[in-house]
Each structure stands twice: as C-alpha cells, then as structure tokens.
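# Survey of secondary and tertiary structure
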Amino acid sequence: MAVTSFFFFVFLLFGFGLFYLSPGRFQWVTLLFLSLVFYHFAAWDFSILFLLLSAVLAYISSNILRVKRIAESSRAKGCVTAVAVIAVVGNVLLWFLLKGSSFWVTGTGILHRFLPSIPQIPALPIAGALGMGYYTAQVIGYILDCYWGNTEPQRNFLKLFLFVVFFPQLTVGPISRYSDLRCLYEKHRFSYDNMCFGCQRILWGVFKKLVVSDRVGIIINGIWADTATYTGFYPWIAVLLYPLQIYTDFSGCMDIILGAAELFDIHLAENFRNPFFSRSVQEFWQRWHITLGGWARDYVYYPVLKSRPVLAIGRWSKKRFKKNKRIAKLIPWAVGNGVLWFVMGFWHGSVQHILGVSVWFWTILLISEIFSPLSVRLVKVLEVNTESFSWHLFQSIRTYLVYAMGVVFFSAPGLRTAIGRYGIIFDAAKHLNPWIFFDGSVTKLGVTFADINLLIIGVFLLFAVAVLREKYGYARIWMQKQNLPFRWFVWLALFVIVLIYGLYGPGYDAATFIYEGF
Amino acid sequence: MTREEVYERLNKVFQEVFDDDSITVNDDTTSDDIEDWDSFEHINLVVAVEEEFSFKIPMGKVVTMKNVGEMVDIIMETGK
C-alpha cells in the first residue's frame, strides 16, 4: 500500500474515524491495530516477525536495564553494559540479515572474480522488512536512551511495539526518538486545525511526488536508458535534475507521513529544512534527512569521539603537533567523521551507497576542513562580502553541485552502472551539444512542452514555499493569516493540479519512493 | 564550589578550546552563540571540562545538554 495510492487515503479516512471514535484510553490500541493492518497490506506477510523480534529484544533489554540500573555494584554495572551491547548488536544483526544481501553479494562477487575458489554468496530469498533501516535505528536509539538513563523503559510491550510499527512513519521515517513519541499513548481530542494542517500537508506532499518528482523521473530515466543516443549535455541534465527528483520524492513522502500523523494529533520530527539553501555541505546535512543525521550524531558520533581509542589518538595528535593546533584537531576529526560517514552510508545498505555517501561526503568535508583557513584568507584578500545575496547564491549552487555529483551513485541500479555513469558525464566534452537546451530536444525524452512548463511552475512554487518557510517557520502559518477566499483558491487550485496533472491512474504506475528501500 | 567559581574556570576552558580569549559564557549560552561550537568541538569541550573539573560527564548528559547552564549544573553536582 503506497502512501500515494487511493487505497491508502481510504484507509486513512477509515483510521481517522475509528481513532476519534475510540475511547481516549484505547486510542493507542486503535493506532496499533491500524499500524498492523497497514503493515499487512504494505509488506510481505512474515516480515512483521522481524519487527516483532526487534521489539522483543528492545523490551527485554530495556527492562533488564531498568532493574539493573538500580543496583550500585560494579557487577551490576558490567551487566547493564553487556545487556545494552547485546541488544544493540542483536538489532544490527537482524537488520544486516535483511539488508546485508547487497553487501555480501557484491563483496563476494568482487573476491570471486580475483580468486575463483571463493564462492559468490547469493542473496537471501526474502524481500527485507518494510522500513527496516528506520525502525532499527529507532529501536537502537531507544535502547541507548534507556542505557544512558535518558528515558524510562516502557513496561507495556504492546505500547513499545506501537513505537516500532506506528504506521505513518514506518515506510520512510522520520527516525523518531522514544521521548518524542510518548504522545502516542495519550488521549487525543479531535482538532479542526490538526485536520486542516494534516490534509494540506498531505496535498502538498502528493503534489511534490506525483506532479514534480515523477515527471523529473521520466526525463532522468529516459536519458540513462539510452546513453548511446543521449550524449554530451544530456547526462548532465540527468545529474543536475536528480537532486530535485530525490528531494521532491523523499520530502514529498515525508509531507504525506507528517500530515497523516497530524490527523491523529501526533507531531513527528521534521526531516527537511530547505536543504538547497545550504551554504556548505556540512550545513546541507543539518537540513537534509535531519533525523538520520541527529541519530548518527547522538548514538554514533559522540560515543565514538568519546571512546578511549579516539581520545588516545587526540592526545597523541596534540602532543605530536604541539605547534599546530589545527592539525592536532584534524586527526581525531578525520577518524570520528570517518566512522560517522561510514555508518551513514552503511545504513543506506549497499557498496554504492557507501561510496556515494560515506567516501564522497567524508572526502569533501575533509578537503574543506583542510583548506578552510586558506579559503577564509582568500575571501578576506578578495574583499568578498560574505553576507551578500550573490555570495550566498554561489555557496548554495556549489553545495548543490557537490551533492548532485555524489548522488550519481544513488541513481544507478548497481555499482558498475554507477561508475560507468561518471565516465559518461566526463565524456560530455567529446559530444558538445548545447543546442539541446533550446531546440526542444528534451521533449523527446517522454515529456511534452506542457510538462516542462508544469515543472517550471512546480519548481517556482517549491521555491516560494521554501522562502516562506525560511521567513515564517512554516508556509502554512503564513497561509493561515490570509483571507478565506485566497486560502480556498490556493488549496483548491493545488488539488485540481494534482488531480489533472498528477502521474497516477491507469497507464501510470506511480514510482515507488526512492527512500522506501532503506 | 560556587556558581561564580565554576564560571571563572569554565570561561578559561571555553577560551582555550575555541582559541578565543574574548569568550565569556553564561547560563543561556548555546552552541548557536559560539561560531565554532559544532558537534566535534562539543566533545572537545566536554573532554576539556572533564579534565578541568576531574570528573566524567555521563554520555546521556553529553547528548541532552542544551546550554551552558545545564553544563554548570552537572559540574556542581559531581565536579571538583
């Protein structure tokens, strides 16, 4: 059951009615029931067992931690650590069992080519569990929060299970903290504002996905499907449009999920904050997939930086480079960030994601860290006004390009294709064809002029909403202040655009969400 | 140890970590107020505070600390 399908919206309507008709004390039971129904229709039947196993592991371990934490003896403390480690490792192993196929298939495939005696291990004949990367991250966060004493372990197993399977966020996140989702178990009263905001947000998400993202996808797929014909600047069109596709796809899905949760008076964490306004790659990752970045910072980066080996490296580096504080800091920085980015790439689940996320962004950040004093000096010497619009624009375009070059790995179906695409991109000089931007050649890629115009309008709308969001926090807060006829006109116009121009229905199979596979 | 005494020593720690003698912090200071205070420097700061006040800040507090005021509360609870 895709979250853009008609079936999902009927299900949502049914769930909405059932939820507010349920007595307050049992509303969480209704949510659990709805989540299980959703899971039944959205994923293969037995994969729910993996979620159950994950929740059981979290439940048992967190409650052992609760009991053991009270004891003061060093033996009890050792036991607490052992329980937390076993629970975290157990969850990672479960995830790896479901997700790891691509690692061992690719890994053993490469080894097999050089050493034929090493057999290539085939993929498991299971399709993975829906949202495995997201719920595993949530469960690990919950266990560590219990271990660190930041949250009180949940004593009711079914309530904890609801935290794992809560249906709007199950497919593509956001990765929620247990402390932020305690509201799942509270009484909720129907609110007109929540209903309006929820529906508006869902509509905006559907617009992003069905009108913009899937249209951009047609152009990109058309180019990559026939790289012998589409040479020169065509691959660059695909490369430069892909961030737009992945953003409208992922953030569109997020809008639908956050809107759906809002209908139930549940406010999930935001995952995006205008990432393409970022002035650096570092800032980009604070605005893009925010909950994954926050999760990796708190549960991976901080513990790694504070671990004994990294602290020892820091002390050694401080002693070795006494005169150069920057170099002394750079070494532990590189180690800590190396682990952080490896986990970020590994979470995405394949060798090509490790290259596209871990290696690419770690290298870019390392280079910018090394050259930052030089660039600061250069900016001073050239008397650049760093607060000017033009400088901001230059920095944002630079960040966009860096991201676009990295996610080429994301757009390819396999590692070899991804590497091949870089070759094609840098081959553009051999087939210079700048006229394709003006002579209507792009309309041969499966889209018409009307589609291109619609895309331009869509991008303009996205930009306007992004600007409003930067200024008011939320575009809809601004919208709420407008007069009734204007508000209704905008929402109805958006609804009609989605209805007429959305790529759905017979003849169209709405593309699955890119981030659904994680 | 009074709050003032803690701040006197804490200011020196901040100045040393961020290499800036003009830094003075108060209860409401957050990472938004100091330009270089990112997640990496956050841990450098935590380690420097641990060394200065001879105690270990628990990982749970490292993650949840929201401002310098909370850091001072932790120091006053267990620091020396």
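Residues numbered from 1 in each chain as written. Chains lettered and ligands numbered in written order. Predicted model: local features only at pLDDT ≥ 70, side-chain atom pairs only at ≥ 80, totals over all residues.

A tally of helices and strands in chain B yields four helices and zero strands. Considering only C-alpha atoms, chain B reaches an extent of 30 × 25 × 20 Å along its principal axes. Here chain B holds 80 residues, and 20% of them are scored as buried. In chain B, the proportion of contacts linking residues at least 24 apart, taken out of those at least 6 apart, comes to 58%. (Helix = DSSP H or I, 4+ residues; strand = E, 2+ residues; numbered from the N terminus. Buried ≥ 20, exposed ≤ 12 C-beta atoms within 10 Å, placed from the backbone. Contact = placed C-beta atoms within 7 Å.)

Residues and elements named next belong to chain A. Per the domain assignment, the segments of chain A are domain 1 (6-189), domain 2 (191-268 + 412-518) and domain 3 (281-402). On the side of domain 2, 16 residues touch domain 1, which itself brings 16 residues to the contact. Sorting the residues of the side of domain 1 that touches domain 2 by element identifies helix 1 (6-21) and helix 8 (167-170) as the ones contributing at least two each. Per-element accounting of the side of domain 1 that touches domain 2 gives the leading share, three residues, to helix 1. (Domains from an automatic or database assignment.)

It is worth spelling out the interface of chain B and chain A at this point. You'll often see interface size given as the accessible area lost when the parts meet. Contacts between the two partners involve 11 residues from chain B, matched on the other side by 14 residues from chain A. Those elements that place two or more of their residues in the side of chain B that touches chain A are helix 2 (39-53) and helix 3 (59-64) of chain B. With five residues, helix 3 of chain B is the largest single contributor of residues to the side of chain B that touches chain A. A per-class count over the side of chain B that touches chain A returns seven nonpolar, three polar and one charged. (Nonpolar A, V, L, I, M, F, W, Y, C, P; charged D, E, K, R; others polar.)

Quick look at the environment of Leu203 of chain A now. Take Leu203 of chain A: it is sitting in helix 9 (residues 192-225). Considered as a pair, Leu203 of chain A and Glu186 of chain A are 17 residues apart in the sequence and their alpha carbons are 27 Å apart.

Cis geometry marks the peptide bond from Gly173 of chain A to Pro174 of chain A, where omega comes out at 10°. Turning to its location among the elements, Pro174 of chain A is positioned in the loop between helix 8 and helix 9. Positive phi is not limited to glycine here, since Asn274 of chain A has a value of about 45°. Position of Asn274 of chain A among the secondary structure elements: in the loop between helix 10 (234-263) and helix 11 (281-287). Backbone geometry places Asp19 of chain B, a non-glycine residue, at a positive phi of 55°. Structurally, the position occupied by Asp19 of chain B is in the loop between helix 1 (3-17) and helix 2.

Right, let's talk about the packing of helix 9 of chain A against helix 21 (residues 484-501) of chain A for a bit. Residue and element names in this part refer to chain A. At a closest axis distance of 10 Å, the pairing of helix 9 and helix 21 adopts a crossing angle of 35°. Here helix 9 runs over helix 21; the crossing is left-handed. In this structure, helix 9 contributes Gln200, Leu203, Val206, Phe207, Leu210 and Val211 to the contact, and helix 21 contributes Trp491, Leu494, Phe495, Ile497, Val498 and Tyr501. When the residues that make up the contact of helix 9 with helix 21 are grouped by side-chain class, the tally is 11 nonpolar, one polar and no charged. (Axes fitted to C-alpha atoms, helices over the stretch in contact; angles between N-to-C directions. Left-handed = near helix turned anticlockwise from the far one by under 90°.)

Residue and element names in this part refer to chain A. By size, the foremost hydrophobic cluster in this structure holds 126 residues, and its most contacted members are Ala84, Ile143, Leu162, Val164, Val165, Ile223 and Ile257. Per-element tally for this core: the top contributor is helix 10, with 17 residues. Once residues lying within four places of it in the same chain are set aside, the contact partners of Val165 are Ser35, Leu36, Tyr39, Leu51 and Leu170. (Core = buried A, V, L, I, M, F, W, Y, C linked by C-beta atoms within 7 Å.)

In this section: helix 19 (residues 449-472) of chain A. Residue and element names in this part refer to chain A. Along its 24 residues, helix 19 runs 34 Å from first to last C-alpha, staying within 8% of the 34 Å computed at 1.5 Å per residue. Among the residues making up helix 19, those that are buried are Asp451, Gly458 and Leu462. Of the surrounding secondary structure, the elements contacted by the buried residues of helix 19 are helix 9. Residue Gly473 follows helix 19 closely and has a positive phi angle near 90°. (Expected span 1.5 Å × (residues − 1).)

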